[in-house]
Structures are given as C-alpha cells and as structure tokens.
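An overview of the molecular structure
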Amino acid sequence: MPTIEELLQSGPVDVDALRIACIEEDISADQRINVWKHLLGVSKSTAPLVDAKVDEEQERKIEADIDLLNSALSSPLDTDQCAELTATLHNLFPHYSSVLCELCGPLLEMKQSIPETCVFVSAIANRYIRYKFFSETDPGLEDCISSLLRLLLQYHDPLLSLHLDRYRISPTILLKFWSNLFIHQIGMQQVPQLWDYLFLAPNPLSMFFFSLSLLVFNREAISQAEDTAKIIETIEGLTCTPAILKTLFQDAKIMQRQTPPSSLTWLQQMISMDEAFNVTTVLENLQANIV
C-alpha cells in the first residue's frame, strides 16, 4: 500500500488510493494542504467567479466580518492584507455570506496566501454549503432541511427527538454547526483535524451525520435541560475535542449506513442543489411519510 507521501509525489494522484492511505496513517501538518487540494478538487486558478460590480454595501459587510475574524487570528492581517481579502471575497462570491469569511480563518492560520485561501473556501462552500446561498430565495428550503433532520433524528434516536419536539426545538439549529464546518465546536486552531475526516468522506453527507452523532453523543446533557432556552443554549454550546473525533465520525458512518436510501438521495440532492431536487415535492413526500 503506497504511503500518503508516495501518492502525493506520483503523477496524476489516485484520489481513492489517497483516501485509503489517509485512513491508514495520520495526515501530517506538512501534507494537509496538498491532501485537501486533491480531496476537494481545488483548482490552481484564482480568477474571479464573476466580473463583479462594485457593491459598497457588500464591501462594508465584508470589512466588518474581516475585523471580527482578525480579532480571532493568532497573527492578524495587516491593512494591505485586509484590503486584499476584501477585494478577493467580493470578486469571488457574488452572493456573499459572513460564513465565507469565517471559513477563511483556519486556512489563514495554516499560512495560506489570501488567493489560495479564497479558492479553498470556494471549493468548500460549493461542496458543503451550497444550500445556504439558495435558502434566501427559496423559503421552503429551510422547512425541507428541518423536516429531513427531524426524521433522521427520530429514526436514529427517538427519545432525544421526542425531547426536542416536546420543547419545540427545530433541528435547523444544526445549520449553525454546518455553515462554518464546525469551527465553533472545536476551535479555529484544531478544526483542520476535524476537516481531515470531513474531506476524506467520499460525499458531503458526512456533515449531516457528524452533526447527528454530536447531538446523540451529548444526549444526556441535552435531555437534562428542561426548558427551551436551556436546550438551545446546551446545543449551541456543544463542543468536541480531537480525542473524540474518531468516535464521532465512526458513529456518523454507522448512522449513514443505517439510513433509508431515499433519505440519503434527498439529502445529497439538497446539499448539491441538484436540478432533481424540488422543495415542494420533497415536502409532500415527507408529509406522506414516504422516506
């Protein structure tokens, strides 16, 4: 079995073989960025996705987000770097969201250049959080996500689902986990280890099931909270450490294998915003219990 380093040094990298090698051995800090490039299919191009027009309101929002990000970086960006990041985010993302700036944090901590960081963020957003850029124009999408998550939680942990239903806690609270790929749950400096597991999965469904496994892992703390505000506070405060990542992702894999195929299909379509995905149709099917 070739090692990670041998595969990275070979000609065209066999991504499937690279996944296997990364499961067999730990990804070193020196290898991580190169491994991620192949797992995410990151292009070397840093060209803008669109020929963006100047939008002063959006630029002010990006600047405010960068100020917030800068306060969390171990080595804050200087004035010129802030201006470069503002311009790059503005040009690359016509539908900007604050989460895109948040996703820059771990990559900047890994000493990636601003163009490289933004290209990585573009690949990550396209793979994992496309739904976020459609939810504002399709109000039914959030209802659909909530319904799918409720059914998944009912299927995998009926008692925890009943507890959340009793206090009218919407499963869409988990969207806060996904939108920045769990940075708040583990911290900016340690999130690369979590992203290793996430990116190694052959499809982005692991994001959903990791969220569920984190909920179930903390079932006792959530179940002991007996009012709506306390439950929300408990869920929003959930954290994980590198020591339990392997367990959480193993549990997530088991949940994914046990989930009905039709639910997996809809989840995949929802993440990718596939043309086959139709919010109205899925909601009608869910209401008819066809999952």
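Anyway, here's the lowdown on the structure attached to this text.

Each value, and the rule that gives it
- Residues numbered from 1 in each chain as written.
- Predicted model: local features only at pLDDT ≥ 70, side-chain atom pairs only at ≥ 80, totals over all residues.
- Heavy atoms only, no water.
- Disulfide = S-S within 2.5 Å.
- Buried < 20%, exposed > 50% of the residue type's maximum accessible area, 1.4 Å probe, protein only.
- Axes fitted to C-alpha atoms, helices over the stretch in contact; angles between N-to-C directions.
- Helix = DSSP H or I, 4+ residues; strand = E, 2+ residues; numbered from the N terminus.
- Parallel < 35°, antiparallel > 145°, perpendicular 65-115°, else oblique.
- Left-handed = near helix turned anticlockwise from the far one by under 90°.
- Contact = heavy atoms within 4.5 Å.
- Nonpolar A, V, L, I, M, F, W, Y, C, P; charged D, E, K, R; others polar.
- Lys, Arg positive; Asp, Glu negative; His and termini not counted.
- Salt bridge = Lys/Arg side-chain N within 4 Å of Asp/Glu carboxyl O.

**Focus: the state of the cysteines**
- The full count for this structure, using the stated rule, is 0 disulfides.
- Between Cys82, a free cysteine, and Cys101, which holds the nearest cysteine sulfur, the sulfur-to-sulfur gap is 9.1 Å.
- In this structure Cys82 comes out as buried when scored by relative accessible area, which is 16%.

**Describing the packing of helix H3 (residues 29–40) against helix H7 (residues 114–128)**
- At a minimum axis separation of 11 Å, H3 and H7 run at an interaxial angle of 40°. It follows that H3 is oblique to H7 by the angle criterion. Judged by the twist between their axes, the crossing of H3 over H7 is left-handed. Across the interface between the two elements, Ile33, Trp36, Lys37 and Leu40 of H3 pack against Phe120, Ala123, Ile124, Arg127 and Tyr128 of H7.
- Grouping the constituent residues of the contact of H3 with H7 by class yields 7 nonpolar, no polar and 2 charged.

**Description of the side chain of Glu109**
- Mapping Glu109 onto the fold places it in helix H6 (residues 98–109).
- Although Glu109 lies buried, it forms no salt bridge, and the closest oppositely charged side chain, Lys111, sits 5.4 Å away as judged by the N-O distance.
- With sequence-adjacent residues up to four places away left out, Glu109 is seen in contact with Ala72, Leu73, Ser74, Met188 and Gln189.

**Things to note about unusual backbone geometry**
- For Lys111, which is not a glycine, the phi torsion comes out positive at approximately 65°.
- Relative to the assigned elements, Lys111 resides in the loop between H6 and H7.
- Here Lys111 falls in the exposed class, since its relative accessible area comes to 60%.
- A positive phi angle, close to 50°, is found at Leu181, a residue other than glycine.
- Looking at where Leu181 falls in the secondary structure, it is placed in the loop between helix H10 (175–179) and helix H11 (183–186).
- A relative accessible area of 0% places Leu181 in the buried class.

**Quick look at the environment of Ala125**
- Considering the arrangement of structural elements, one finds Ala125 in helix H7.
- For Ala125, a relative accessible area of 6% corresponds to the buried category.
- C-alpha of Ala125 to C-alpha of Val99: the two residues are 26 residues apart in sequence and 9.2 Å apart in space.

**Points about the environment of Pro171**
- Checked against the element boundaries, Pro171 lands in the loop between helix H9 (158–166) and H10.
- Classification of Pro171 as buried rests on a relative accessible area of 10%.
- It is 9.1 Å that separates the C-alpha atoms of Pro171 and Ser161, two residues lying 10 residues apart in sequence.
- Apart from the residues lying within four places of it in its own chain, the contact partners of Pro171 are Ser146, Leu149 and Arg150.

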